[in-house]
Amino acid sequence: MDSAVEGGSNERERARGHDLQRMRPAIVWFRRDLRLQDNPALHAAVKRGGAIVPVFVWDDEAEGRRRAGEASRWWLRRSLVALDTALRERGARLVLRKGNARAVLRELVEEAGAAAVYWNRGYEPAVMTRDAKIEMEFSAGGLDVRSFNGALLHEPREVANKLGRPFQVYWPFWRTCLTRTVSPPLKLAASERLKAPERWPRSEGLEVDERERGKSEGKWGEVWTPGEAAARERLREFVAKGIDAYDQRRDVPAEDGTSRLSAELHFGEISPRQIWAAVREKGKASGVFPPSRGAQVFLAEIGWREFAHHLLYHFPDTAERPLREEFASFPWAEDPGGVKLRAWQRGETGYPIVDAGMRQLAETGWMHNRVRMIVASFLVKHLRLPWTAGAEWFRQKLVDADLANNTLGWQWSAGCGADATPYFRIFAPVLQGRKFDARGEYVRRWVPELAKLSAEFVHAPWEAPAEVLKEAEVVLGGNYPRPIVEHATARKEALEAFDRMRARRRGV
């Protein structure tokens, strides 16, 4: 046979095989990327051609003991409802399954006759391990398996110091990131329809569990609107009206001076590339990027999120253990019966700014970032309780309970992580309250027992004269607790504990 004819025949066979593969559906496995715009996995499936089966697997097994708390699960359920609605507007729907993701996806590939499985990567240690096994198994079975970066500006493995090693200090990390190009967000045209399979696989119901209604619905439903559409509107409003003053207002908890996009970023209802592009677009008018000091500081906070994922990717043990090894032997205080921990959790420490933050968390599933630092410092330095106890409580109570961010924040407060605040830098809660809540508005909102106290005494009610307390209807040890520790004493004991740890390290 003529070699040219034979080659042409082989090419036609390969092309035919490729077309047959494209005729079979692609599964798009949604995870922490609950959006249609700037979704690389979905975009790749659309570009591939053929039917698309959007899937979400509720895999509690993968989370293990880090199973999301009630607030986070409340948000997730409603975000899934919003995603399903958006998919149906484009001729598709969300297939929801519960169980082991590997087994569920295997079943779905069989049911849908799928030839491809696409997803956007996650960087939590357990997730990376699971995903690697799925990719290996499915690829060996002849499936087209692809994963994409849909969560970060830059892949953690692509950012390194001059020695090719991971960064452990934030500012050199972020300066390096700023030298790299940020890809523009991928856009799905408003008219783009998603090709449906001939037959949809079985799906679990997306109805909200009745057990989640009532009190929790009232707490969170009045504050938050999960879903991609709400996230994009929140970003638009913040960039238009709030970002330029962000550097001035972000540390004032009584004001709405932050973006409040942490949960939307965690669940992937908005991407960091979309945020970057929105800020860049705002700067076009002036020809300056970032367009203001506020925008520069805000983008640096997006950089802090990047840094958190960079660290968790390269140092996966930090979710359990301090990055700075010497802190593994830190002499934490005893807390018989967990009395002090419970007082902190309930917002009953007797320090108003701390109690206000913990009560805001309980009521809304969120806490202002400045106050997060104050309450964290109080737990690990005034009460000298392990940072892991605080991280666990935040994981249970936050709507934005992100493992990377939570780990970095708590290790920073405890002085045991990357770029951490020195352990001997101990926030004085009264001074912090007076500095960042000067008029006492934040405290009065969340600690109503103190609502009638003036700014002079609202952050230290024990300093108020008896007649002032009586007039304000405050009874210390009655309707509001006395401080569970005395600041100067707690500070002294914390520093002594730090010195003992260092002495052990030196072998003294």
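What counts as what
- Residues numbered from 1 in each chain as written.
- Predicted model: local features only at pLDDT ≥ 70, side-chain atom pairs only at ≥ 80, totals over all residues.
- Heavy atoms only, no water.
- Helix = DSSP H or I, 4+ residues; strand = E, 2+ residues; numbered from the N terminus.
- Rg over C-alpha atoms; globule rule 2.2 N^0.38 Å.
- Buried < 20%, exposed > 50% of the residue type's maximum accessible area, 1.4 Å probe, protein only.
- Contact = heavy atoms within 4.5 Å.
- 1 Å grid on protein atoms, 1.4 Å probe; cavity = no way out; pocket = protein on both sides within 12 Å on 5 of 7 lines; lining within 4 Å.
- Points joined across faces, edges and corners; volume = space filled by probe spheres on them.
- Pairing = 2+ DSSP bridges.
- Right-handed = clockwise from strand over helix to strand, strands pointing away.
- Axes fitted to C-alpha atoms, helices over the stretch in contact; angles between N-to-C directions.
- Parallel < 35°, antiparallel > 145°, perpendicular 65-115°, else oblique.
- Left-handed = near helix turned anticlockwise from the far one by under 90°.
- Nonpolar A, V, L, I, M, F, W, Y, C, P; charged D, E, K, R; others polar.

Sorry, what's going on with the overall build of the protein here?
When its secondary structure is counted, the protein shows 22 helices and 5 strands. Here the C-alpha radius of gyration of the protein, 26 Å, is about what a compact globule of 508 residues would show, namely 23 Å. Sorting the 508 residues of the protein into buried and exposed places 51% on the buried side. The long-range fraction of contacts in the protein, counting pairs at least 24 apart against all pairs at least 6 apart in sequence, stands at 78%.

Got a minute to help me understand empty space enclosed by the protein in this structure?
The gaps of empty space that remain are located by a probe, the size of a water molecule, rolled over the atoms. Scanning the model with the defined rule gives 5 cavities of 30 Å³ or more in all. Of the voids in this model, the largest cavity is the one considered here, and its volume is about 90 Å³. Within the residue set of the lining of the largest cavity, elements represented by two or more residues are α13 (293-314) and α18 (403-414). The element best represented in the lining of the largest cavity is α18, accounting for 4 residues.

Could you clarify how one ought to interpret the pairing of strand β1 (residues 26-30) in this entry?
Walk down a regular strand and you will see the side chains alternate between the two sheet faces. Of all 5 residues making up β1, 5 are buried, and the element is well covered by its neighbours. Residues of β1 alternate between two faces, with Ala26, Val28 and Phe30 on one and Ile27 and Trp29 on the opposite face, all of them buried. In this structure, β1 lies alongside strand β2 (residues 52-58), joined through 5 bridges in parallel fashion. Bridging across to β2, phenylalanine 30 finds its partner in phenylalanine 56. At this point the chain moves from β1, through helix α2 (residues 40-48), to the parallel β2, and the crossover so formed is right-handed. Pairing of β1 with strand β4 (residues 116-120), which is carried by 4 bridges, proceeds in the parallel orientation.

Help me out: how do you make sense of the sheet that holds strand β3 (residues 95-98) in this one?
Sheet strands pair via backbone hydrogen bonds, and the direction of the pair is either parallel or antiparallel. Here we have 5 strands laid out as an open sheet, ordered β3-β2-β1-β4-β5, and parallel in their pairing. Whereas interior strands pair on both sides, the edge strands pair on one side only; in this sheet they are β3 and β5 (144-148). For this sheet, the mean inter-axis angle between neighbouring strands, taken without regard to orientation, is 25 degrees. In the packing of helix α5 (residues 101-112) onto the sheet, the strands contacted are β1, β2, β3 and β4, and the crossing angle to β3 comes to about 140 degrees.

Could you clarify how one ought to interpret the packing of helix α14 (residues 339-346) against helix α17 (residues 387-397) in this entry?
Between two packed helices, both the angle of their axes relative to each other and the distance between the axes serve to describe the pair. Direction vectors running N to C along α14 and α17 enclose 40 degrees, while the axes themselves pass 12 Å from each other. Classified by the angle their axes make, α14 and α17 are oblique. Of the two elements, α14 crosses α17, and the hand of that crossing is right-handed. Where α14 abuts α17, its residues Leu341, Trp344 and Gln345 lie against Ala389, Gly390, Trp393 and Phe394. In terms of residue class, the contact of α14 with α17 is built from 5 nonpolar, 2 polar and no charged.

Can you help me understand the environment of valine 109 in this one?
Considering the arrangement of structural elements, one finds valine 109 in helix α5. C-alpha of valine 109 to C-alpha of alanine 44: the two residues are 65 residues apart in sequence and 18 Å apart in space. Ignoring anything within four residues of it in the chain, the contact list for valine 109 reads Ile27, Ala114, Val117, Phe138 and Leu143.

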